Amino acid sequence: MFKQLPNSDVEMVDVFLNQQKISVPMGTSVAAMALSNGLRSTRTTVISNSRRAPFCMMGVCYDCLMIIDGKANQRACMTHVAQDMHVESQQRVGPILGEVL
Amino acid sequence: MKNHYQLVIVGAGPAGLAAAVTASEQGISCAVLDEQAAVGGQIYRAIESVPEQRAKVLGTEYQRGTALAKAFRESKAEYFPNTKVWSLTADKQIGLLHDGKSKLITADQVLLVSGAIERPVPFPGWTLPGVMQAGAGQILFKSSGVVPSEGVVLAGSGPLLLLLAWQYMQVGVEIKAMLDVTPLSNHLQAMPKLPRALLAHHYLTKGLVYQRDLKRAGVVTKIGVSDLRAEADENDELQTVHYRHLGREHSIETGLLMTHFGIIPHIWLTQAAGCKHQWDKSQQCWRPSHDKWGNTSLQGILVAGDGAGINGARSAEHTGRLAGLQALYALGVISEAERDKQSITERKWVKAERHIRPFLEAYFAIPQEMLATHAKDTIICRCEEITAGEIRTAVEQSHGDSNQVKYLSRCGMGACQGRQCANAVAHIVADAGGLAVSEKSHFRGRPPVAPLSLQELASLSEENV
């Protein structure tokens, strides 16, 4: 549903989105990276396990929660991609406290 | 970061940057705390890193942010990005999270410039993947150059919808339709306010140019749309948008719907501190009560920019400077006469920026039946997944105020802490015969105003040993 416009001036980094290695321009938010790489939903809800995706992109709706570098419940819209970052879609509450994927 | 500053500014949008420059010029200790990674707030997002081509499409209003960001970088204000402020007390103690650690600092003067959030207006299917706020679409474009690849339907009300459509058109995004929910009665209500708005004709002209360009490009705009509904495919993701127009049902196949229903002040911190608030009928939102300098009901706590009431980015810059001057005066750094002298030009600008607002507020007002939905199965609280029907039932079982509805239903108790449902709940409560929408019908705000893990909270003890 989304694409990233080409920008040749920016350095690229490698990140892993649901175990798949992709190359992303630095400065991209994790949410933008997930959406422009084909993810339509990024998590399921705690209550009914329904699919959700980034909604506000400014850190106030908490609908873009993902597992970033093993840590659950991270706002994908407020986090920037970094070299070798691991990003996973989150199911419900995600891995329990302290548990690393 | 020090433990005490003469002035702490929360937010690095136009108001915060302007205030920081004004205040730090006088040599006071001033810290700017901001949750984002870079300066500019939402309006000038990515202003320091945006590629030239993209900045051009975003327009001259956006590029105004460059000078402001530069002046701020050259100032002596200390800047702390990626810093979440989760508490503010009436005695000006600030709880914050920086580098994964919590910290409490104090200030003589606190300026809250928290900006605005998009007004959440629930409708059937608004939680589906593929439905997002128009502001979110614009942020994706501004900060990451990410745009719809297979077209988008834009729906709702307000100038941002038009601006986003125009910007998308410049980069070749297909606009499948523009669905404007403002009824004809709005346009009639707005007419008496047009003469004053003409004093700010540059804004009106810009809007008309966008409309003309979109029409020329063949974009279909439907005005007076109602019964907006988003429907899912077998994967529970958006497939179809349904709506009613001129008495007939219509539908469009689309994987992406961006909605906009105006913006409202982000008041969670002023609420936590206990500042007095009021319901602004014209702007259909709560805002902290304040005087012409930005002083709230609590001494030493000031507000400016859209967080104080919606007046736009340019106005935010000027009200930010006024609040900066007031803080300097309150600190005893400048005299009352000096403050007043320096404020003359700023105040003229604030007044000029106000001209268009009453017209915009009437023209783009959200219809009452959308604010207080009757669709029983529509989710109102996105976090706890509480429907309009459940809220109406809770109203019947309670004394009919938002906070009791919260206790009974859990709406507003999820991760967003009511940011996405407070408005709708207050309107539904009023519609169901409960408390009228007023300064009393917002959820009570308490610290922490943003989710904080126990580990993050516990790090306070290490800090303060």
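Note that the coordinates shown come from a computational prediction; the quantities given were computed from them, not determined experimentally.

**Here's the deal with the interface of chain A and chain B**
By convention, interface size is frequently given as the accessible area that disappears when the constituent parts associate. At the junction of the two partners, chain A supplies 33 residues and chain B supplies 37 residues. Contributions of two or more residues to the side of chain A that touches chain B are made by strand S1 (2–4), helix H1 (30–36) and strand S5 (51–52) of chain A. Taken together, the residues of the side of chain A that touches chain B sort by class into 15 nonpolar, 12 polar and 6 charged. Relative to strand S9 (residues 146–148) of chain B, S1 of chain A runs antiparallel, the two being bridged by 3 bridges.

**Comments concerning the pairing of strand S2 (residues 12–17) of chain A**
Residues and elements named next belong to chain A. Inspection of the sheet shows S2 paired to strand S3 (residues 20–25) by 6 bridges, in the antiparallel sense. The partner of Asp14 across the bridge, within S3, is Ser23. Taking the residues that link successive antiparallel strands as the turn, the S2-S3 hairpin has 2 residues, and the phi of Asn18 there is positive, at about 45°.

**Digging into the domain arrangement of chain B**
Once the domains are mapped, chain B shows domain 1 (4–117 + 264–334), domain 2 (120–261) and domain 3 (372–431). One C-alpha centre belongs to domain 1 of chain B, the other to domain 3 of chain B; they are set 30 Å apart.

**Some details on the packing of helix H10 (residues 313–330) of chain B against helix H11 (residues 336–354) of chain B**
All names here are of chain B. At a minimum axis separation of 9 Å, H10 and H11 run at an interaxial angle of 165°. Classified by the interaxial angle, the pair formed by H10 and H11 is roughly antiparallel. Regarding H10 and H11, the two cross each other, and that crossing is left-handed. Here Arg314, Ser315, His318, Thr319, Arg321, Leu322, Leu325, Gln326, Leu328 and Tyr329 of H10 come into contact with H11, specifically with Glu336, Arg339, Gln342, Ser343, Glu346, Trp349, Val350 and Glu353. Residues of the contact of H10 with H11, tallied by class, amount to 6 nonpolar, 6 polar and 6 charged.

**Comments concerning the nonpolar core**
Among the nonpolar cores identified, the biggest contains 169 residues, and Leu111, Leu154, Ala304, Ile380 and Val425 of chain B are the most heavily contacted of them. Sequence-distant contacts of Leu111 of chain B, that is, excluding residues within four places in its chain, are made with Leu7, Ile9, Ala19, Leu302, Ala304, Ala323 and Ala327 of chain B.

**Re helix H5 (residues 159–170) of chain B**
All names here are of chain B. With 12 residues, H5 should cover 16 Å at 1.5 Å per step; its first-to-last C-alpha distance of 17 Å lies within 8% of that length. Burial runs high along H5: 9 of the 12 residues are buried. A positive phi of about 80° marks Gly172, the residue just after H5.

**Considering the sheet that holds strand S8 (residues 131–133) of chain B**
All names here are of chain B. Sheet architecture is open: 5 strands sit in the order S8-S16-S10-S11-S12, paired in parallel fashion. Lying at the two open borders of the sheet, with one neighbouring strand each, are S8 and strand S12 (221–223). Here the average twist between neighbouring strands, direction ignored, is 20°. Relative to strand S16 (residues 257–261), S8 runs parallel, the two being bridged by 3 bridges. Within S16, the residue paired with Gln133 across the bridge is Thr259.

**Considerations on the environment of Val241 of chain B**
Residues and elements named next belong to chain B. Of note, Val241 is situated in strand S14 (residues 238–245). Taking the C-alpha atoms as reference, Val241 lies 34 Å from Gly13; in sequence the two are 228 residues apart. Setting aside residues no more than four positions away along its own chain, Val241 makes contact with Val153, Ala230, Ser251, Ile252, Thr254 and Leu257.

Calculation rules
- Residues numbered from 1 in each chain as written.
- Chains lettered and ligands numbered in written order.
- Predicted model: local features only at pLDDT ≥ 70, side-chain atom pairs only at ≥ 80, totals over all residues.
- Contact = placed C-beta atoms within 7 Å.
- Helix = DSSP H or I, 4+ residues; strand = E, 2+ residues; numbered from the N terminus.
- Nonpolar A, V, L, I, M, F, W, Y, C, P; charged D, E, K, R; others polar.
- Pairing = 2+ DSSP bridges.
- Domains from an automatic or database assignment.
- Axes fitted to C-alpha atoms, helices over the stretch in contact; angles between N-to-C directions.
- Parallel < 35°, antiparallel > 145°, perpendicular 65-115°, else oblique.
- Left-handed = near helix turned anticlockwise from the far one by under 90°.
- Core = buried A, V, L, I, M, F, W, Y, C linked by C-beta atoms within 7 Å.
- Buried ≥ 20, exposed ≤ 12 C-beta atoms within 10 Å, placed from the backbone.
- Expected span 1.5 Å × (residues − 1).

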